[in-house]
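So the chains spell out like this:
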Amino acid sequence: MTIVEADPSYTVDQLNAFVTQSEKRLMGPLTAIGNNTNGKTTLTIDERAPSNPTPPSKITTGQLPVGATKIGDGRVYISGTLTDAIAYKT
Amino acid sequence: MLSALKLSPFRLICSAILACICLPSLFACAPLQGYPLDPEDTNATLKNLAPYFNGTVEAQYVAAAGDTSKTPIRDAIVYARIRGYNIEFADFEKSLYSESNGVAVGSDLVGLILGGLTATTGNAATKAALGAASVGVLGANTAINKDLYYQKTIVALLSQMEANRAKAKISIIQGLNLPDSKYNLFQAYGDLDAYKNAGSIPGAISVITQSAETQKQDAVNAMVLQGITLETPAVSARYDILTTYILGLVKKKDATTLGKMANAIGLSVPPGSTYLDIKGILARYLYVTIDSKTSEADKLAALNTLAVVLKPYVTF
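Residues numbered from 1 in each chain as written. Chains lettered and ligands numbered in written order. Predicted model: local features only at pLDDT ≥ 70, side-chain atom pairs only at ≥ 80, totals over all residues.

Broken down by element type, chain A carries one helix and six strands. Burial status across chain A gives 40% buried among its 90 residues. Taking all contacts inside chain A whose residues are at least 6 apart in sequence as the whole, residues at least 24 apart take part in 58%. (Helix = DSSP H or I, 4+ residues; strand = E, 2+ residues; numbered from the N terminus. Buried ≥ 20, exposed ≤ 12 C-beta atoms within 10 Å, placed from the backbone. Contact = placed C-beta atoms within 7 Å.)

Below you can see the structure in the form of structure tokens.
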């Protein structure tokens, strides 16, 4: 597993762009979200998985979309504020 | 200026050679010490401390009975030994520091002087000869400066040695707060040995290496991207070709080719690694070496380097 730190100032859209990029580059899926003592959002990516998911995983601060599979939940920084969020795949 | 003295080229060159021989010794006599002069005659002090090292006072300790008698003798021996180790360490520290600075000072100056003469004096032949002498001196110094690593590293090593010694000293001081029955002289000897060895170069290197390894692991475990990278098409397209190729090998479960790629890059693959293990190693490596770069130019440069190494496998 590789933990990637994301800038706390990201909006939800920016964070999702970051998730897509990280999954693509590490060639594996997002497995957990959270935050750390550095004041950053953390994304855990499984680089040992056979491939990155298509479509890429997403993060939302709202409800889990219908038909989506929950990856996990956690508190992430959205526009600088710690916010409850859900990571999911479709 | 020297040409005004009308020295013949031959005499000028002889003077230069003489300077080569004499000046280094002048400067070597006064290397940059970095430490104030010590008014204490430490050799005499060490001589006076000899009874604490050669068993004389230890015999008194063995002969004494009970905490009241033994504890002060133990303390005296321990403090005397600490004093002895401190003197030796200070000498060691000074010699390391001086060696890393003294030699370069002398030869640098000679080189600069000769270089200056080359630029300002004589005809072409004289200049050439002086230039050669200058190169000779600076060349020698270049050899010394190959140890620039040593010069720079020695400061870190000295700091680590100081830190190791301070850490080792804590155990001793804590022990001395106890009566002899709870911390006897022979226990103290063990801590004193650790204190003595804490001031060694191997000890310092060991700690620094461990620390570097830990930091390296931390860096791998928590890689930081400061912002979303707006990759240029050149970077994105090439990166995609590479990752698509790797994922193709993963799909075929081709551990052999993945392993060869990892080895070509210089990554070690532990025996018994599966194709997914190797893919993970490659993914982390690519992420660190390419994605962690802050500028697109650096990413392209990293990709270019990688493209050459991986050419036998994939063109991107």
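Let us look at the confidence of the model for chain A. The pLDDT averaged across chain A works out to 93; a share of 100% of its residues lies at or above 70. Mean pLDDT across the elements of chain A bottoms out in strand E1 (residues 2-6) of chain A (89) and peaks in strand E4 (residues 58-60) of chain A (96). (pLDDT = per-residue confidence, 0-100.)

On to unusual backbone geometry, then. The omega angle of the peptide bond from A:Thr54 to A:Pro55 is 0°, so this bond is cis rather than trans. Note that A:Pro55 resides in the loop between strand E3 (41-45) and E4. Unlike most non-glycine residues, A:Ser79 shows phi in positive territory, near 50°. Residue placement: A:Ser79 occurs in the loop between strand E5 (69-78) and strand E6 (81-89). A positive phi is found at B:Lys253, a non-glycine position, where the angle reads about 55°. As for its position among the elements, B:Lys253 is in the loop between helix H9 (233-251) and helix H10 (255-265).

All right, on to the sheet that holds E4(A) then. All names here are of chain A. Spatial strand order, E4-E6-E5: three strands in an open sheet with antiparallel pairing. Each edge of the open sheet carries a strand with a single partner, namely E4 and E5. Mean inter-strand twist for the sheet, computed between neighbouring axes without regard to direction, equals 35°. Across nine bridges, E5 lies against E6 in antiparallel orientation. In the strand pairing of E6, Ile-78 is matched with Thr-81. Strand contacts of helix H1 (residues 12-26): E4 and E5, with the helix running at about 160° to E4, the strand carrying the most contacts. (Pairing = 2+ DSSP bridges. Axes fitted to C-alpha atoms, helices over the stretch in contact; angles between N-to-C directions.)

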